[in-house]
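# Inside the fold
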Amino acid sequence: MMEAEENAIRAVHAKWIKAANAADLSSLLAIMTEDVVFLHPGEAPIGREGFSAKFTAAHQELRIACGSELKELVVAGDFAFTRSADRLSVTPRAGGNATLLAGQRMTIYRKLADGRWRLARDAHTLSPVQSFNFFASKVSAAPVDGIWTVAFGDPAHEDYFLVRRDVENVLGERGLNVHYIEFGDQSKACYAGIEKVQVLPDAVKFQFTADAAVRIGLWGIVVSFSLCKADLASVSSALAHIVEHGRVEVL
């Protein structure tokens, strides 16, 4: 029974993201309660009417694309809550660069008398995040005892970014069979944090997942370098071993 309720809430969450990306206000209104309350940082709470006005105005001025990864889901009787890591890209329709935002979202759902789950309260912490660019004077890409690592370093400014994966599960520790990323120090690190990698002749662009963007405080990292073709091929091959599910693209 609990699994069925959780699946129903996951379905509502998925419908919400799909409708938001499609600018489908009517579908959004259909999956929220009549007394819904939305909390946005620095703004007064709004209900259905306020949400409708804000949503319509935003989509008239901006192209909006959002994504959301559920991190937690708890059901307690006729109420439930979810916590998700969200990301948002907004681009002016009149032209201009996209603004990227990321943060956490907490949503409370209520089960109605007809058995349907509907969004009742929603609050988020989305804020702008940027990509970080640096030139790596030192680049290494090699497997050591079955553990693949690609590391980019700029000793002059004490910047580094590394991507690692225990491909052979040598250490046998939980979580190390997925890729690990670290930027600057271990406080800015996580597992499975890469959404996409693009390898160019003179740089690598890393796009992070929403959860990684929140943890690291960046939407992505662009590392530029000067490598010969053989070394670039080694970096590309190593990244393909480390980052799962074909997320590495060589341009």
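Here the structure is shown first, and the text comes after it.
Computed from a predicted model, the values in this text were never measured in an experiment.

What counts, and where the lines are drawn
Residues numbered from 1 in each chain as written. Predicted model: local features only at pLDDT ≥ 70, side-chain atom pairs only at ≥ 80, totals over all residues. Heavy atoms only, no water. Helix = DSSP H or I, 4+ residues; strand = E, 2+ residues; numbered from the N terminus. Contact = heavy atoms within 4.5 Å. Phe/Tyr/Trp six-rings, centres within 6.5 Å; stacked < 30°, edge-to-face > 60°. Buried < 20%, exposed > 50% of the residue type's maximum accessible area, 1.4 Å probe, protein only. Pairing = 2+ DSSP bridges. Axes fitted to C-alpha atoms, helices over the stretch in contact; angles between N-to-C directions. Salt bridge = Lys/Arg side-chain N within 4 Å of Asp/Glu carboxyl O. Expected span 1.5 Å × (residues − 1). Arc of directions from axis to C-beta. Core = buried A, V, L, I, M, F, W, Y, C linked by side-chain atoms within 4.5 Å.

## Examining the environment of Cys 190
Mapped onto the fold, Cys 190 is located in strand β12 (residues 185-191). Separated by 173 residues in the primary sequence, Cys 190 and Ile 17 have C-alpha atoms spaced 25 Å apart. The contact partners of Cys 190, leaving out residues within four places of it in the chain, are His 179, Tyr 180, Ile 181, Ala 212 and Arg 215.

## As for the packing of aromatic side chains
A complete count under the given rule lists 11 aromatic pairs for this structure. Measuring from ring centre to ring centre gives 4.9 Å for Phe 161 and Phe 206, while their planes differ by 65°; the resulting arrangement is edge-to-face. Within this pair, whereas Phe 161 is found in strand β10 (residues 159-166), its partner Phe 206 is found in strand β14 (residues 203-208), the two being separated by 45 residues in sequence. Of the two residues, Phe 161 and Phe 206, neither departs from the other in class, the shared state being buried. Joined through ring pairs, the aromatic side chains of Phe 152, Phe 161, Phe 206, Phe 208 and Phe 225 make up one cluster.

## Things to note about the sheet that holds strand β8 (residues 138-144)
Spatially, 5 strands are ordered β8-β9-β10-β11-β12 in an open sheet, and the strand pairing comes out antiparallel. Two strands in the sheet have a free side with no partner beyond their single neighbour: β8 and β12. Ignoring which end each strand starts from, the neighbouring axes of this sheet average 15° apart. Where β8 and strand β9 (residues 147-154) come together, 7 bridges link them in antiparallel fashion. By the bridge assignment for β9, Val 144 is matched with Ile 147.

## As for the pattern of salt bridges
Throughout the structure, instances matching the rule amount to 10 salt bridges. Measuring nitrogen to oxygen at the nearest pair gives 2.8 Å for the salt bridge that ties Asp 122 to Arg 105. Of this pair, Asp 122 sits in strand β5 (residues 117-124) while Arg 105 sits in strand β4 (residues 99-111), and the two are 17 residues apart along the sequence. Judged by relative accessible area, Asp 122 falls into the buried class, the value being 6%. By sharing partners, the salt bridges in this structure join Asp 86, Arg 105 and Asp 122 into a single network.

## Let's talk about helix α5 (residues 229-242)
Spanning 14 residues, α5 covers 20 Å between terminal C-alpha atoms, matching the ideal 20 Å at 1.5 Å per step. Those residues of α5 not exposed but buried are Leu 232, Val 235, Ser 236, Ala 238, Leu 239 and Ile 242. Looking down the long axis of α5, one finds its buried residues gathered within 165° of arc, a one-sided arrangement. Exposed residues pointing more than 90 degrees away from the buried face of α5 are listed as Lys 229 and Ala 230. Residues of α5 that are buried make contact with β8, β9, β10, β13 (194-200), β14 and β16 (248-250).

## Quick look at the nonpolar core
Counting 29 residues, the largest nonpolar core has Phe 152, Phe 161, Ile 181, Val 197, Phe 206, Phe 208 and Leu 239 as its most contacted members. Every element with two or more residues in this core is listed here: β9, β10, β11 (180-183), β13, β14, α4 (210-216), β15 (218-224) and α5. With 5 residues, α5 is the single largest residue contributor to this core. Setting aside its immediate chain neighbours within four residues, Phe 152 contacts Phe 134, Ala 136, Lys 138, Val 139, Asp 159, Tyr 160, Phe 161, Val 204, Phe 206, Val 223, Phe 225 and Val 235. If you look at the next biggest cluster of nonpolar residues, it comprises 19 residues, including Ile 9, Val 36, Phe 38 and Ile 46.

## A short note on helix α1 (residues 2-21)
Within an α-helix, residues lying three or four positions from one another point in the same direction, as the helix has 3.6 residues per turn. Taking 1.5 Å of rise per residue, 20 residues should cover 28 Å, and α1 covers 29 Å from first to last C-alpha, within 8% of that figure. Within α1, the full set of buried residues consists of Glu 5, Ile 9, Val 12, His 13, Trp 16, Ile 17, Ala 19 and Ala 20. One or two residues past the end of α1 sits Ala 23, with phi positive at roughly 55°.

## Looking at the sheet that holds β15
Taken in spatial order, the 5 strands of this open sheet run β7-β15-β14-β13-β16, and their pairing is mixed. The open sheet terminates on both sides in strands that have one partner only, identified here as β7 (130-135) and β16. Here the strands of the sheet are splayed against their neighbours by 15° on average, with no regard to which way each runs. Two elements, β13 and β16, share 3 bridges in a ladder whose sense is parallel. Bridge pairing in β16 links Val 199 to Val 250. Taken strand by strand, α5 contacts β13, β14 and β16, and its axis lies near 165° from that of β13.

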